[in-house]
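The lines below spell out each chain.
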Amino acid sequence: MSPDSVTPGSVRSASEVNEQIRALWLRAGGSLSTQEREEYETLVVEWAAAIRDEVIAAA
């Protein structure tokens, strides 16, 4: 899944996505494979969208 395929308006909170990112790094032992890097990039895009949504909601 590429970062471009993430639907705007994340359903999960930024903290939920952050936990998944942390778990990915722990499973990978600090070195990501190509597949894990793709997953990481997708998660970072989702996390950024969730952060943006939370900032907008707080404003």
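The structure this text deals with has already been given above.
Now for a quick tour of the structure. (Residues numbered from 1 in each chain as written. Predicted model: local features only at pLDDT ≥ 70, side-chain atom pairs only at ≥ 80, totals over all residues. Heavy atoms only, no water.)

Points about the pattern of salt bridges
According to the stated counting rule, one finds two salt bridges in the structure shown. Here Glu46 and Arg12 are joined by a salt bridge, their closest N and O atoms 2.7 Å apart. One end of the pair, Glu46, is in helix H2 (residues 34-58); the other, Arg12, is in the segment before helix H1 (14-28), with 34 residues separating them in the sequence. Residue Arg12 is classed as partly exposed on the basis of its relative accessible area, which comes to 29%. Between Arg27 and Glu39 there is a salt bridge, with its nearest N and O atoms 3.8 Å apart. You can see Arg27 sitting in helix H1 and its partner Glu39 sitting in helix H2, a full twelve residues away along the chain. (Salt bridge = Lys/Arg side-chain N within 4 Å of Asp/Glu carboxyl O. Helix = DSSP H or I, 4+ residues; strand = E, 2+ residues; numbered from the N terminus. Buried < 20%, exposed > 50% of the residue type's maximum accessible area, 1.4 Å probe, protein only.)

Some remarks on the packing of H1 against H2
Relative orientation of the contacting elements H1 and H2 amounts to 160°, with a least axis distance of 8 Å. What the angle tells us is that H1 and H2 run roughly antiparallel. You can see that H1 and H2 cross each other, and the crossing is left-handed. Here Ala14, Val17, Asn18, Gln20, Ile21, Leu24, Trp25, Arg27 and Ala28 of H1 come into contact with H2, specifically with Glu36, Glu39, Tyr40, Leu43, Val44, Glu46, Trp47, Ala50, Ile51 and Glu54. (Axes fitted to C-alpha atoms, helices over the stretch in contact; angles between N-to-C directions. Parallel < 35°, antiparallel > 145°, perpendicular 65-115°, else oblique. Left-handed = near helix turned anticlockwise from the far one by under 90°. Contact = heavy atoms within 4.5 Å.)

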